Amino acid sequence: MIFLSEIVEEIRSDLNSGMGYNDSRWDDQYLETKIHNARATLIGQYMIKVGKFINDAWVQTLDISFETREKDCAVITFECPNVISVDGQNDGFVYVGHTDGLKPFVRIRKGYSTLTRHSLFAKKKEVMWDYKHLEQNAMVLQFFNNTHLVYVMVRAMFNNPTTIPNFDKTIDHYPVDSNLKREIVELVTGDLMRKTQRPVEISNTNQTEIPR
Amino acid sequence: MKMDDVIAAACEELNCSYEANALWFEVLINQAVRTHKSMSKLIEKNVTLEVNDKKTTLPADVAKMIEVYHCISGEKYCPEIDYTIQGDCLIFVKYSAVVDNTFVSIVPDGSKIVVKYFGLYTDEDGVFIVPEDWERMLVAYIGWKYSRRYLKDYGVGLMQNYQREFQTQKLANI
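Quick notes on the rules
Here, residues in each chain are numbered from 1, in the same order as that chain's written sequence. To label them, take the chains in the order written and letter them from A, then take the ligands in the order written and number them from 1. Where totals are concerned, whole chains, interfaces and linings use all residues; where local detail is concerned, this predicted model gives features only for residues with pLDDT of at least 70, and gives and counts side-chain atom pairs only at 80 or more. Secondary structure follows DSSP: runs of H or I at least 4 residues long count as helices, runs of E at least 2 residues long count as strands, and numbering of each begins at the N terminus. Exposure in this text rests on C-beta crowding, where 20 or more other C-beta atoms within 10 Å of a residue's own make it buried, 12 or fewer make it exposed, and counts in between make it partly exposed. The C-beta atoms are placed from the backbone. Contact between two residues is assigned whenever their backbone-derived C-beta positions fall within 7 Å. The nonpolar core is taken to be a set of buried Ala, Val, Leu, Ile, Met, Phe, Trp, Tyr and Cys residues joined by way of C-beta atoms within 7 Å. In this analysis, strands are considered paired if DSSP registers two or more bridges between them. Gly counts as polar in this scheme, as do all residues outside two lists: the nonpolar Ala, Val, Leu, Ile, Met, Phe, Trp, Tyr, Cys and Pro, and the charged Asp, Glu, Lys and Arg. Expected helix span is given by 1.5 Å per residue-to-residue step, counting one fewer step than there are residues. Relevant arc is that of directions from the helix axis to the C-beta atoms, nothing else. Throughout, the edges of the domains are those of an automatic or database domain assignment.

Focus: the overall build of chain A
Within chain A, the secondary structure is distributed over three helices and 10 strands. From first element to last, N terminus to C terminus, chain A shows the α and β order α-α-β-β-β-β-β-β-β-β-β-β-α. When each of the 212 residues of chain A is scored for burial, the buried share is 25%. Counted over contacts in chain A with a minimum sequence separation of 6, partners at least 24 positions apart contribute 68%.

In structure tokens, the structure reads:
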């Protein structure tokens, strides 16, 4: 089990030992945001460069219940946190479907395409879903063709793993494996070190280079 | 074999998401099956249809028409002379008379006709059932189209391999 606080402490410790200055300016919230961003970037890079095998330690499971039911157009809406963008083909959804985890529902759109206009799907009765940004800062999952749907299971890699409902960062494990944790620490530490480098002091000798 | 089985096999082979690609793959399977000029897996079928407004809708599994005749009198109708087919619609174009400047069709509304055709093998809901030995052909077709769409990730070599495999399988299944 790897906790978010462990990663924060490791980064703080690395920065402290490397630079020997007071680290009090890095508050936990800032470092946590850096960690979430680094995680999303590294997973995306991994998928593009190495392959599409998804380590289950990066994935979070969410059982969600419905928010609204629009009877007029037979749509059920579930609120769902942001998922990461993996590459040009996929985003962070690993599974969206039945709560038993064995029956995935089909996604309507992938990017621009809406294949449900094809006559082949005119009589389609299976449950389909779409991921949309309907309101400010609220992403929703919409389900079609089943107005009785109450619970669904979502397995995904979220942008900010702490935003999923009931996530407690003091108890719940942060969705990374040891390798990813090491890479996150290196990336964030390196980034912060670059930002905290003091500018070269200008000496009063004639050797000072004038920038061109 | 269900169409979903072929889609699942293709997703596994291409290492891509089932949820995100199932609809497109279904369209691809449909394309490959419709353009496959083989009679080996087609079965002869009969269906009785009612004509309304000089037309009737054909079943979705029609691959090749054999004949069309009147349900009671047994009178046969000729393609392109008595009727024409547009998409999934059979339209009667021949008229028997003109009454009050209106053409009277040879098949009045409410008439029952029998359509005899070669159709794809389907289940009770009319969903196409994939013959076992077509699986590789269809997976190769999906692989070809998918790798062509994401050429940067899969490379030209792999795309051509899938294309060749599809053509070989297609020849083997004629």
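Let's pick the thread back up.
Brief notes about the nonpolar core
Judged by nonpolar contacts, the single largest core of 67 residues is most densely connected at A:I43, A:V96, B:A10, B:L138, B:Y141 and B:I142. In terms of residue count, the dominant contributor to this core is helix α3 (residues 135–149) of chain B (eight residues). Residues in contact with B:L138, not counting those within four places in the same chain, are B:V6, B:I29, B:A32 and B:V130. Within the second largest apolar cluster, nine residues are counted, among which are B:Y83, B:L90, B:V107 and B:I113.

Some thoughts on the sheet that holds strand β4 (residues 76–77) of chain B
Residue and element names in this part refer to chain B. In spatial order, the strands read β1-β9-β3-β4; together these four strands make up an open sheet with antiparallel pairing. Two strands in the sheet have a free side with no partner beyond their single neighbour: β1 (43–50) and β4. Relative to strand β9 (residues 112–119), strand β3 (residues 62–70) runs antiparallel, the two being bridged by seven bridges. Following the sheet pairing, M65 is matched in β9 by Y117.

Regarding the interface of chain A and chain B
Taken together, the contact between chain A and chain B spans 14 residues of the former and 13 residues of the latter. Looking at the side of chain A that touches chain B, the elements that each hand over two or more residues are β4 (93–97) and β5 (106–107) of chain A. Tallied by class, the residues present in the side of chain A that touches chain B amount to eight nonpolar, three polar and three charged.

So, the pairing of strand β7 (residues 95–99) of chain B
All names here are of chain B. β7 sits mainly on the outside: zero of its five residues count as buried. Sheet topology places β7 next to strand β8 (residues 102–105); four bridges connect them, and they run antiparallel. Following the sheet pairing, A97 is matched in β8 by V104.

Examining helix α3 (residues 178–196) of chain A
All names here are of chain A. Over its 19 residues, α3 runs 27 Å from end to end, which matches the ideal 27 Å to within 8%, given 1.5 Å per residue. Taken together, the buried positions of α3 are occupied by L180, I184, V188, T189 and L192. End-on view of α3: buried residues confined to an arc of 155°, all on one side of the axis. Exposed and facing more than 90 degrees away from the buried side of α3 are S178, N179 and R194.

Overview of the domain arrangement of chain A
Residue and element names in this part refer to chain A. The domains assigned to chain A are domain 1 (1–57 + 173–196) and domain 2 (60–156). The interface of domain 1 with domain 2 comprises seven residues on the first partner and six residues on the second. Partitioning the side of domain 1 that touches domain 2 into residue classes produces six nonpolar, one polar and no charged.

As for the domain arrangement of chain B
Partitioning chain B into domains gives domain 1 (3–32 + 129–172) and domain 2 (43–119). Look at where the C-alpha atoms of domain 1 of chain B and domain 2 of chain B centre, and you get two points 37 Å apart.

Here we look at unusual backbone geometry
Of note, A:N145 is a non-glycine position whose phi angle comes to about 75°, a positive value. Within the fold, A:N145 resides in the loop between β9 (138–144) and β10 (151–156). Although it is not a glycine, B:K54 adopts a positive phi angle of roughly 65°. With respect to the helices, strands and loops of the structure, B:K54 is situated in the loop between β1 and β2 (55–57). Judged by the 19 C-beta atoms lying within 10 Å of it, B:K54 falls in the partly exposed class.

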